[in-house]
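Structure at a glance
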Amino acid sequence: MSISLNSYSPKTIDGKVCIWLQSYGWAPAKPASEFKPGEKMLYNFGSSYEVIEVTEVSKAFISVKQKCRKGNFYD
């Protein structure tokens, strides 16, 4: 079986833009510039982190402080 590089490109499912997360599947997505405190971020393998604070925003990147379900904080 051959997999095209485009197989995992973002696509629209049920009217929502979705991205492929490894070992999770298709998940709704939005631009990082729209992240707000209190929202959950979902990563590969289903890891979920809560956005605590948006610490820096530029045209090139966004920096957030996050909390994992174990209570640890990450930037």
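Residues numbered from 1 in each chain as written. Predicted model: local features only at pLDDT ≥ 70, side-chain atom pairs only at ≥ 80, totals over all residues. Heavy atoms only, no water.

1. Brief notes about the side chain of Q66
Tracing the backbone through its elements, the reader meets Q66 in strand β6 (residues 62-68). Judged by relative accessible area, Q66 falls into the buried class, the value being 9%. Apart from the residues within four sequence positions on either side, Q66 is in contact with M41, Y43, Y49, E50, I52, N72, F73 and Y74. (Helix = DSSP H or I, 4+ residues; strand = E, 2+ residues; numbered from the N terminus. Buried < 20%, exposed > 50% of the residue type's maximum accessible area, 1.4 Å probe, protein only. Contact = heavy atoms within 4.5 Å.)

2. Considering the sheet that holds strand β4 (residues 40-42)
If you walk across this open sheet you meet the four strands as β4-β5-β6-β7, and the pairing is antiparallel. The sheet is open, and its two borders are formed by β4 and β7 (73-74), each paired with just one other strand. Sheet topology note: the strand β5 (residues 48-57)/β6 ladder contains seven bridges and is antiparallel. Looking at β6, one finds that Y49 is bridged to C68. (Pairing = 2+ DSSP bridges.)

3. Regarding the pairing of strand β2 (residues 16-21)
With three bridges connecting them, strand β1 (residues 11-13) and β2 associate as antiparallel partners. When the sheet's bridge partners are listed, K11 is paired in β2 with C18. Taking the residues that link successive antiparallel strands as the turn, the β1-β2 hairpin has two residues, and the phi of D14 there is positive, at about 50 degrees. Judged from the four bridges that link them, β2 and strand β3 (residues 25-28) form a sheet pairing that is antiparallel. Along β3, the bridge assignment pairs I19 with A27. The loop that links β2 with its antiparallel partner β3 comprises three residues; one of these, S23, has a positive phi angle of about 60 degrees.

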